[in-house]
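Examination of the molecular architecture
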Amino acid sequence: MDRRNQTSTYEFLLMGLSERPEQQPLLFGLFLAMYLVTVLGNLLIVLAIGSDVHLHTPMYLFLANLSFSDIGFISTVIPKMLDNIGSGSKLISYGGCLTQLYFFGLFADLDNFLLAAMALDRYVAISQPLHYTMTMNYQCCALLLAGSWVVTTIHALVHTLLVTRLSFCGPNVIPHFFCDLVPLLKLACSSTYINDLVLMLVAGTLLIGPFVCILTSYFYIALVVLRIDSPEGKQKAFSSCTSHLSVVSLFYSTAIGVYLCPPSSLSGGKDRLFSVMYTVVTPMLNPFIYSLRNRDMKGALRTLLRRKKIIFCLYFYSLVIHHKANTYLPLIQGMDPYQGSRNCLCTSSNCYPTLPHEALLRYN
């Protein structure tokens, strides 16, 4: 049989987080709740920024894209994991594994680039506040966002296409809860030299480059903050970076723990635990970090929720009025449930039906 046909029908076995049957209901409920909280929280961030014109600034534009990326990031991994737990099957098809691999790489790289763009934005805002609007203009923000999407899309596509040239004829067990690139390459029967080379050169450059950009930006931010004389000015400048710095610390500490630590130090399922931290926990905490530590964001969320509440109340009120109108209609047409007769009030040109006093009390 042709190798392409063998690979196209191949299936992999995802071991998941635990092999104990008694722990599966707990894991299902826990990760379902975390997934719903993450999607709802990040969606509220996107809607709040889009509905408030005061938040149409570069920092919040990057934050909206980061929230959208986090929704895609967690949606790449968790739904399939919940499906495997619920069905009791740990299988994932070859095509499904490649799809998960592509979108996981896309959104993981996109988070990396967006965090670097946000660090650059904070550096310009603190070090050059008078030239901020000129430097971080619409063209610059659009170029940063478009460049991030294009580079990450191509990068994820390159790794996925390189995996398609491999043959898998041996063990099909992936000791993970999703199709990650490194565990998948270990199952290949053919040579993975090109894959490893691209992973080391291209992926290393694209992943370490934004991280170096973030460290450099915060180094110069620290130098600028130290030159500020007033304690209030230092606190105000530092407070504008705390939310972003918290997200960066949480994301990179767990990602470095997975990909840069020696394999011996990640035995016993520690690699899967670190993966849960940066694939699930970090996207879930991002909305809380930015909303709880940002006054403008809290105000926009309150306005959004108040507006949604008003819209819901108006919709409910319209349903009630519509129901009353439908109930009123037979009476207006002259059908009196009390008298069974037609009563009309006539003017010089038209006649209008009138209702008994009891009917008015009943339907008002």
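Quantities reported herein were computed from a predicted structural model and do not represent experimental measurements. (Residues numbered from 1 in each chain as written. Predicted model: local features only at pLDDT ≥ 70, side-chain atom pairs only at ≥ 80, totals over all residues. Heavy atoms only, no water.)

**Side note on the packing of helix α6 (residues 138–164) against helix α8 (residues 193–227)**
- The N-to-C vectors of α6 and α8 enclose an angle of 170°; their axes lie 10 Å apart at closest approach. If you check the angle between α6 and α8, you find them roughly antiparallel. Considering how the two elements wind past one another, α6 and α8 form a crossing that is left-handed. The residues of α8 that touch α6, namely those facing Val151, His155, Val158, His159, Leu162 and Val163, are Ile194, Asn195, Val198, Leu199, Val202, Ala203 and Leu206.
- Grouping the amino acids of the contact of α6 with α8 by side-chain chemistry returns 10 nonpolar, 3 polar and no charged. (Axes fitted to C-alpha atoms, helices over the stretch in contact; angles between N-to-C directions. Helix = DSSP H or I, 4+ residues; strand = E, 2+ residues; numbered from the N terminus. Parallel < 35°, antiparallel > 145°, perpendicular 65-115°, else oblique. Left-handed = near helix turned anticlockwise from the far one by under 90°. Contact = heavy atoms within 4.5 Å. Nonpolar A, V, L, I, M, F, W, Y, C, P; charged D, E, K, R; others polar.)

**Considering the packing of aromatic side chains**
- Applying the stated rule across the entire model yields 16 aromatic pairs.
- Between Phe73 and Phe104, the aromatic rings sit 5.3 Å apart at their centres with planes inclined by 40°, giving tilted as the arrangement. Residue Phe73 is located in helix α3 (residues 58–87), and its partner Phe104 is located in helix α4 (residues 94–127); the two are separated by 31 residues in the primary sequence.
- Note on Phe104: relative accessible area 4%, which makes it buried.
- For the pair Phe211 and Tyr252, a centre-to-centre distance of 4.7 Å together with 40° between the ring planes defines the contact as tilted. Of this pair, Phe211 sits in helix α8 while Tyr252 sits in helix α9 (residues 231–259), and the two are 41 residues apart along the sequence.
- The exposure class assigned to Phe211 is partly exposed, which follows from its relative accessible area of 23%.
- Three or more aromatic residues joined by ring pairs form one cluster here, namely Phe73, Phe104, Phe177, Phe178, Phe211, Phe251, Tyr252 and Tyr278. (Phe/Tyr/Trp six-rings, centres within 6.5 Å; stacked < 30°, edge-to-face > 60°. Buried < 20%, exposed > 50% of the residue type's maximum accessible area, 1.4 Å probe, protein only.)

**Overview of the sheet that holds strand β3 (residues 173–174)**
- Spatially, the 3 strands line up as an open sheet ordered β2-β1-β3, and their pairing is mixed. If you trace the sheet from one side to the other, it starts and ends with β2 (91–93) and β3, each paired once.
- Pairing between strand β1 (residues 11–14) and β3: 2 bridges, direction parallel. Residue pairing for β3: Leu14 is matched across the bridge by Ile174.
- Packing of α4 onto the sheet brings it into contact with β1, β2 and β3, and relative to β2 it is tilted by some 80°. (Pairing = 2+ DSSP bridges.)

**Focus: the confidence of the model for the protein chain**
- This prediction gives the protein chain a mean pLDDT of 79; 77% of its residues lie at or above 70.
- The secondary structure element of the protein chain with the lowest average pLDDT is helix α12 (residues 357–363), at 39, and the one with the highest is α6, at 93.
- Note on residues 1–9: pLDDT under 50 across the span, and 8 contacts to partners over four residues away in sequence or across chains.
- This model gives residues 328–332 a pLDDT under 50, and the stretch forms 12 contacts once residues within four places in sequence are excluded. (pLDDT = per-residue confidence, 0-100.)

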